[in-house]
Amino acid sequence: MNEEKYDVVVVGAGPAGSVTARTAAEKGLDVLLIERNQEIGVPVKCAEGLSKDLERFVEIDPRWICTEIKGITTYGPDGTEITLSVEGSDAAGYVLERRLFDKHLAQRAARAGADVRVKTQAYGLIQENGYAKGVYVNAAGEDVCIRADVVVGADGVESRVGRWAGIDTRLPLADVSTCAQFLMTDIDMNENYCEIFFGRNIAPGGYLWVFPKGKRTANVGLGISGEVSGTGHYASDYLRTFVSKQFPNGKVLAEMYGAVPLSGPVYETVANGVVLVGDAARHVQPITGGGIIQALQGGAIAGDVVAKAIKEKNVSKKRLREYEKRWKREFGRVLEVGLKVKHTVVNLDEEEFLTFFHALAGEIRLKDYSERAFLKEMIKKNPRILFSLVRVIF
């Protein structure tokens, strides 16, 4: 078996993995970024919408922006309409072209000095004296031993890297959203606003989205609780039912399926010689299922901490915990509040569920559209239901 040596090997070239690789390479490390698929950014497993908060972490390139949206319109189970927008701005966020966005981030990692390889799948962790020392990979049919001082698991919700390192990455079904999405064209929808639909007959334990991607074209998808998923009640079943009623003449250009962790940060994200980022670290907002912003933030922190640890020749779990302390300080509280809101809302009875949406009805103009601002407004409008969270978020 051929053997190679790097300072860091990053498993998974999504946003979190690419930003980690770029940051570590910029700090002078010898970095390898590997992706199991033959093309970075494909297949797309994302609704592709996010707030303008993105501008804090990456310079916007018009080539990977499909639509600049004015806000979000949400429909409660009885049709109650809530419109979120931003004061003093005609734009609240973007719908991305993730194929191009992910490639852009990987290109930035490559330009910083990282080696990037596709069709390279990790199948085991090299372990010596209680430390990860690299990964075994299959690269286009050839087995290779890639030695590294630190292995970064950016390998998604299943995170085999985490499991190999002894971190229990399993999740109960209630903390997983199973998702289905169609890229549709020739449909009539609001091309300036993202639309979200709630209802236990539409998407039990989750919600449905219509995110515009151009003239009469949109991502139409939904996520449901893993607890209710089963024969005749899969996410794809609910999606086809909605589409047949709402867009009977629409054309499906692509189908996408996947799973999103909604557990919040429930376990350690480091081990000796191992760091987990992105979905693998459960850095996903439980109330929305969004994780791109946290992926960018967490990846930058991980790359910085790993670089310092390697230069100090100390990649122990204790040393790498600086990463956990920093991401918890940056966005941990928002994830925790989102998890508490999710648990509260999903356990409401039908009448309380409607009351929750009625309290939010109408137009809500936020000073800035961020997850924290959204959660604050949700709590402020529903103090009786979410009273226990008031002191946490304000």
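All values reported here derive from a predicted model rather than from experimental measurement.

A word on the packing of aromatic side chains
Within this structure, the stated rule accounts for 11 aromatic pairs. Aromatic pair Tyr-75 and Phe-197: ring centres 4.8 Å apart, planes at 20°, arrangement stacked. In this pair, Tyr-75 sits in strand S5 (residues 71-75) while Phe-197 sits in strand S13 (residues 193-197), placing the two residues 122 residues apart along the sequence. Classification of Tyr-75 by relative accessible area gives buried; the value is 17%.

Let's talk about unusual backbone geometry
For the bond from Val-42 to Pro-43, the omega torsion is 0°, close enough to zero to count as cis. Following the sequence through the fold, Pro-43 ends up in the loop between strand S2 (31-34) and strand S3 (49-51). Notably, Glu-48 is not glycine yet its phi reads approximately 80°, a positive angle. On the secondary structure map, Glu-48 appears in the loop between S2 and S3. Exposure remark for Glu-48: the relative accessible area of 2% places this residue in the buried category. For Arg-282, which is not glycine, the phi dihedral falls at a positive 65°. Residue placement: Arg-282 occurs in the loop between strand S18 (274-276) and helix H5 (292-311).

Looking at the packing of helix H6 (residues 317-346) against helix H8 (residues 371-381)
The interhelical angle for the contact between H6 and H8, taken along N-to-C directions, is 35°, at an axis separation of 10 Å. Considering only the axes of H6 and H8, their crossing is left-handed. Across the interface between the two elements, Val-334, Val-337, Gly-338 and Val-341 of H6 pack against Glu-371, Arg-372, Leu-375, Met-378 and Ile-379 of H8. Among the residues forming the contact of H6 with H8, the class breakdown is 6 nonpolar, 1 polar and 2 charged.

A closer look at the sheet that holds strand S7 (residues 93-96)
Taken in spatial order, the 3 strands make up an open sheet running S3-S7-S4, and their pairing is antiparallel. The two strands at the open ends of the sheet, each matched to only one other strand, are S3 and strand S4 (65-69). Going from strand to strand, the sheet's axes swing by 25° on average, the running direction of each strand aside. Relative to S7, S4 is paired through 4 bridges, and the arrangement is antiparallel. Following the sheet pairing, Ile-69 is matched in S7 by Gly-93.

Here we look at the environment of Gly-278
Residue position: Gly-278 is located in the loop between S18 and H5. When its relative accessible area of 7% is taken as the criterion, Gly-278 is described as buried. Beyond its immediate stretch of four places on either side in the chain, Gly-278 contacts Ala-16 and His-283.

What counts as what
Residues numbered from 1 in each chain as written. Predicted model: local features only at pLDDT ≥ 70, side-chain atom pairs only at ≥ 80, totals over all residues. Heavy atoms only, no water. Phe/Tyr/Trp six-rings, centres within 6.5 Å; stacked < 30°, edge-to-face > 60°. Helix = DSSP H or I, 4+ residues; strand = E, 2+ residues; numbered from the N terminus. Buried < 20%, exposed > 50% of the residue type's maximum accessible area, 1.4 Å probe, protein only. Axes fitted to C-alpha atoms, helices over the stretch in contact; angles between N-to-C directions. Left-handed = near helix turned anticlockwise from the far one by under 90°. Contact = heavy atoms within 4.5 Å. Nonpolar A, V, L, I, M, F, W, Y, C, P; charged D, E, K, R; others polar. Pairing = 2+ DSSP bridges.

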